[in-house]
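What the coordinates show
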Amino acid sequence: MTNLRIGQGYDVHRLTEGRALILGGVTVPYERGLDGHSDADVLTHAIMDALLGAAGLGDIGKLFPDSDERYRGISSLLLLKEVGKRLRENGWQVVNLDSTIVAQAPKLAPYRETMRRNLAEALGLDVSQVSVKATTEERLGFTGDGSGMAAQAIALLEKVEGTPRDGRKESA
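Remember, it's a predicted structure, so these values are computed and weren't measured experimentally.

This part covers the sheet that holds strand E5 (residues 92-102). Pairing is mixed across the open sheet formed by five strands, whose spatial order is E4-E1-E7-E5-E6. Both edges of this open sheet fall to strand E4 (33-34) and strand E6 (130-135), since each of them pairs with a single strand only. Two elements, strand E1 (residues 4-16) and E4, share two bridges in a ladder whose sense is antiparallel. Note on E4: the bridge partner recorded for Thr 16 is Gly 33.

This is the structure:
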């Protein structure tokens, strides 16, 4: 049995007036932001789902439901820190994360390195373990017409040596 697991995450949010655009914990200057219960950070949400899926720990809707007022407007980086804590408690460590933001605008290249640093810091990783890319869909679909943004993420996790597959610590 392998000690490696891969998880995939996907998230999408509608763009709306009157909200800040937050991606990877970075407030990106733009005339609209993403609509959602938390800060609607589509990138961080996709990454959390990839991590949780790889570890078999559910998804962000299960852990942080939008019916819970504690999470209204919360920073997704705080939620990511909680996901990292749960991974460690269950004996998993992140090997690497790869993610892609799908948006027609704004241009995200100037903010990607800060996003990488924010995400790595929230999980206690080296920035070299986190990849953030961005692409357009050539004006096709809801991301192409500017109605919303999407993000995809893939995570590779490794079981920590000496931790049984169910996550309990082995006794000495």
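Here the narrative resumes, following the displayed structure.
Our next topic: the pattern of salt bridges. Taken as a whole and assessed by the stated rule, the structure comprises six salt bridges. With its nearest N and O atoms 2.8 Å apart, the salt bridge here joins Glu 69 to Arg 72. Of the charged contacts in the structure, one is a salt bridge between Glu 89 and Lys 85, with a shortest N-O distance of 3.8 Å. Of the two residues, Glu 89 and Lys 85 are both situated in helix H3 (residues 76-89); the distance of four residues between them amounts to about one turn of the helix. Lys 85 sits in the partly exposed class, given a relative accessible area of 40%.

With respect to the secondary-structure elements, His 37 resides in the loop between E4 and helix H1 (42-55). The exposure class of His 37 is buried, given its relative accessible area of 16%. Those residues in contact with His 37 that sit more than four places away from it in its chain are Pro 65, Asp 66, Asp 68, Glu 69, Tyr 71, Arg 72 and Gly 73.

Further remarks concern helix H4 (residues 112-123). Given a rise of 1.5 Å per residue, twelve residues ought to cover 16 Å, and the 17 Å separating the end C-alpha atoms of H4 matches this to within 8%. Here H4 has its buried residues at Met 115, Arg 116, Leu 119, Ala 120, Ala 122 and Leu 123. Relative to the axis of H4, the buried residues are bounded by an arc of 160 degrees and lie together on one face. Among the structural elements, strand E2 (21-23), strand E3 (26-28), H1, H3, E5 and E6 are those in contact with the buried residues of H4. Positive phi appears at Gly 124, one or two residues downstream of H4, with a value of about 70 degrees.

Calculation notes
All residue numbers refer to position in the chain's written sequence, counted from 1. In keeping with the predicted nature of the model, local features appear solely for residues at pLDDT of at least 70, side-chain atom pairs appear and are counted solely at 80 or more, and the whole-chain, interface and lining totals rest on all residues. Each side-chain value is derived from all of the structure's non-hydrogen atoms; neither hydrogens nor water enter the calculation. Strands pair, by our definition, only if DSSP identifies at least two bridges between them. Helix and strand assignments come from DSSP, with helices taken as H or I runs of at least 4 residues and strands as E runs of at least 2, each series counted from the N terminus. The salt bridge criterion pairs a side-chain nitrogen of Lys or Arg with a carboxyl oxygen of Asp or Glu, the two atoms within 4 Å. Burial here depends on accessible area, computed with a 1.4 Å probe over protein chains only, as a share of the maximum for the residue type. Under 20% is buried, over 50% is exposed, and the range in between is partly exposed. Here, residues are in contact when the closest pair of their heavy atoms is within 4.5 Å. What a helix should span is 1.5 Å times the count of its residues minus one. What the arc covers is the set of directions going from the helix axis to the C-beta atoms.

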